[in-house]
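# A closer look at the structure
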Amino acid sequence: MRLPSARRAAPYLLGFLTVQRLLELRLARRNEAWARAQGAQEYGREHYPAFFVLHPTWMLSALLEGRRSRGRVSLPALLLFVLAQPLRYWVIRTLGRYWNTRILIVPGGERVRRGPFRYLRHPNYAVVALEIAAAPLVVGAWRTALAYSVLNAALLLLVRIPAEEAALRAYGQQGEHATLTG
């Protein structure tokens, strides 16, 4: 079986990612509305726009670099990307209505410790990091994979995860349980 050219596959990859992310944003907004109706408090609002810069520019960069690629689709990278998808939806399904793209603490909830959360403290971010690296590599966009992996790691490790952990600590000090929804 001969794999398609990376140049030809790049727009399809972008199309898939765009549809996936838009559907997930729709779900996230619905879940956010529910969480806020339960009295959820938001944390880390100031860094939230950075994700709306990072993800679309990552997708666009993968498309543009992939369209310049002269090689074929990378089967190992494609398999890695495809294998990440069930993990992504395992996280979303485990969190249920608590899953969204913001850091929201729902009063009276408990920290989720089942599903992928049994194995990793922040499994969603592990999956996203895998996707940010693998998707561009599918179409030979190694510069995009490298640059956005570093940017994503910096944003997660220096900003987002500390904000989530601080939110959980602050809420825990109030003597209540919390469910992190982001």
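Up top you'll find the structure we're talking about.
No experiment lies behind these values; they were computed from the predicted model shown. (Residues numbered from 1 in each chain as written. Predicted model: local features only at pLDDT ≥ 70, side-chain atom pairs only at ≥ 80, totals over all residues. Heavy atoms only, no water.)

With that settled, consider a positive patch on the surface. On the surface, Arg 7, Arg 8, Arg 67 and Arg 70 cluster together into a patch of positive charge. Following the sequence through the fold, Arg 8 ends up in helix α1 (residues 6–37). Judged by relative accessible area, Arg 8 falls into the exposed class, the value being 61%. (Patch = residues over 30% accessible without salt bridge, like charges linked within 9 Å, V, L, I, M, F, W, Y side chains within 5 Å. Areas by Shrake-Rupley, 256 points an atom, 1.4 Å probe, with all protein chains shown as cover. Salt bridge = Lys/Arg side-chain N within 4 Å of Asp/Glu carboxyl O. Lys, Arg positive; Asp, Glu negative; His and termini not counted. Charge placed at Lys NZ, Arg CZ, Asp CG, Glu CD. Helix = DSSP H or I, 4+ residues; strand = E, 2+ residues; numbered from the N terminus. Buried < 20%, exposed > 50% of the residue type's maximum accessible area, 1.4 Å probe, protein only.)

Computed from the structure, the largest pocket encloses a volume of approximately 500 Å³. As for the largest pocket, its lining consists of 22 residues, and the residues nearest its centre are Arg 21, Leu 25, Phe 51, His 55 and Thr 101. At the level of elements, α1, α2 (48–68), α4 (123–138) and α5 (142–172) are the ones that each hand at least two residues to the lining of the largest pocket. Broken down by element, the lining of the largest pocket gets its largest block of residues, six residues, from α2. Residue composition of the lining of the largest pocket, grouped by class: eleven nonpolar, seven polar and four charged. (1 Å grid on protein atoms, 1.4 Å probe; cavity = no way out; pocket = protein on both sides within 12 Å on 5 of 7 lines; lining within 4 Å. Points joined across faces, edges and corners; volume = space filled by probe spheres on them. Nonpolar A, V, L, I, M, F, W, Y, C, P; charged D, E, K, R; others polar.)

Here α1 crosses α2 at 165°, and the two axes come no closer than 7 Å. What the angle tells us is that α1 and α2 run roughly antiparallel. Along this stretch, α1 crosses α2, giving a crossing that reads as left-handed. Residues Ala 6, Arg 7, Arg 8, Ala 10, Pro 11, Leu 14, Leu 17, Thr 18, Arg 21, Leu 25 and Arg 29 of α1 lie in contact with α2, whose contacting residues are Phe 52, His 55, Trp 58, Met 59, Leu 60, Leu 63, Gly 66 and Arg 67. Class assignment for the residues of the contact of α1 with α2 results in eleven nonpolar, three polar and five charged. (Axes fitted to C-alpha atoms, helices over the stretch in contact; angles between N-to-C directions. Parallel < 35°, antiparallel > 145°, perpendicular 65-115°, else oblique. Left-handed = near helix turned anticlockwise from the far one by under 90°. Contact = heavy atoms within 4.5 Å.)

This paragraph deals with the nonpolar core. With 26 residues, the main nonpolar core has Leu 17, Trp 58, Phe 81 and Val 139 as its most contacted residues. Only α1, α2, α3 (75–95), α4 and α5 provide two or more residues apiece to this core. Ranked by residues supplied to this core, first place goes to α4 with six residues. In this structure Trp 58 touches Leu 17, Arg 21, Glu 131, Ile 132, Ala 135, Pro 136, Thr 144 and Tyr 148, once residues within four positions along its chain are discounted. (Core = buried A, V, L, I, M, F, W, Y, C linked by side-chain atoms within 4.5 Å.)

Here we take up a nonpolar patch on the surface. There is a patch of nonpolar side chains on the surface, built from Leu 87, Trp 90, Tyr 119 and Leu 120 and spanning about 410 Å² of accessible area. On the secondary structure map, Leu 87 appears in helix α3.

Now for empty space enclosed by the protein. Tallied over the full model, the rule gives two cavities of 30 Å³ or more. The space that makes up the second largest cavity amounts to roughly 30 Å³. If you trace the second largest cavity, you find it lined by Ala 10, Leu 13, Leu 14, Leu 17, Met 59, Ala 62 and Leu 63. Counting residues per element, the ones that place at least two in the lining of the second largest cavity are α1 and α2. Per-element accounting of the lining of the second largest cavity gives the leading share, four residues, to α1. Residues of the lining of the second largest cavity, tallied by class, amount to seven nonpolar, no polar and no charged.

Within this structure, the stated rule accounts for four aromatic pairs. Ring plane angle 80° and centroid distance 5.9 Å describe the contact between Phe 16 and Phe 81, whose orientation is recorded as edge-to-face. Of this pair, Phe 16 sits in helix α1 while Phe 81 is found in helix α3, placing the two residues 65 residues apart along the sequence. Judged by relative accessible area, Phe 16 falls into the partly exposed class, the value being 40%. Taking relative accessible area as the criterion, Phe 81 reaches 5% and is therefore assigned buried. (Phe/Tyr/Trp six-rings, centres within 6.5 Å; stacked < 30°, edge-to-face > 60°.)

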